Amino acid sequence: MRAVDLAVQHEWNLEREPERHKATAHFATRTIRTPPIHGDLELAVFVHEGGHLESPMGDRDRIDNELLAWRWEMKMLGFRWSGAMQHEMEACLRTYQPLRIKTYQDLQLMEAVFAEGAEQAGPARSETMNRTAIGGNGQRTYVRRTAHD
Ligand SMILES: [Zn+2]
């Protein structure tokens, strides 16, 4: 799954974002500003922004919208969704506590998305395994796991 293929498929315009960990989506022009995509973290944030463009609600003040965008991403990436991406999602969503996750129901919705993502990432793609997979020579071993629908 290449970022550029997703962009072509969904007719997103792309702009380069100089800041390394910042990505934004602009609805009116369907433009995603993204830093260069070198790995799972940048890809996770990039596709998440795409999720904002493609998910139905436009109100970014609602946590639901964030959850929808991540859900959309998981669906798009399928088996490519990784432990590193899961970790990134959890970190991003936790920044909304307590400002936008106000009720117990909000918390439950968020936990449900975490569980969904963890299940999809699978044990073989957990953060620990990914870190272990980076060998002494600095080469990342890519372990492709079996997709489960
Ligand atoms: Zn978002």
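Only a predicted model underlies this, so the values are computations on that prediction, with no experimental measurement involved.

Another aspect to go through is the sheet that holds strand β2 (residues 24-26). As summarised here, the arrangement of the three strands in space is β1-β3-β2, forming an open sheet in which the pairing is mixed. Only two strands of the sheet have a single neighbouring strand rather than two, namely β1 (13-16) and β2. Taking the axes of each pair of neighbouring strands and ignoring which way they run, one obtains an average angle of 25° across the sheet. Strand direction decides the pairing type here: β1 and strand β3 (residues 31-34), joined by four bridges, are parallel. Each residue of the ladder has a partner; that of Asn-13, found in β3, is Thr-31. Of the strands in this sheet, β2 and β3 touch helix α2 (residues 40-54), which is tilted by about 160° from β3.

Tracing the sequence through the fold places Gly-78 in the loop between α3 (63-77) and α4 (83-94). When the 12 C-beta atoms within 10 Å are taken as the criterion, Gly-78 is described as exposed. As for Gly-78 and Ala-121, which are separated by 43 residues in sequence, their C-alpha atoms are 8.8 Å apart.

The rules behind these values
Residues numbered from 1 in each chain as written. Predicted model: local features only at pLDDT ≥ 70, side-chain atom pairs only at ≥ 80, totals over all residues. Pairing = 2+ DSSP bridges. Helix = DSSP H or I, 4+ residues; strand = E, 2+ residues; numbered from the N terminus. Axes fitted to C-alpha atoms, helices over the stretch in contact; angles between N-to-C directions. Contact = placed C-beta atoms within 7 Å. Buried ≥ 20, exposed ≤ 12 C-beta atoms within 10 Å, placed from the backbone.

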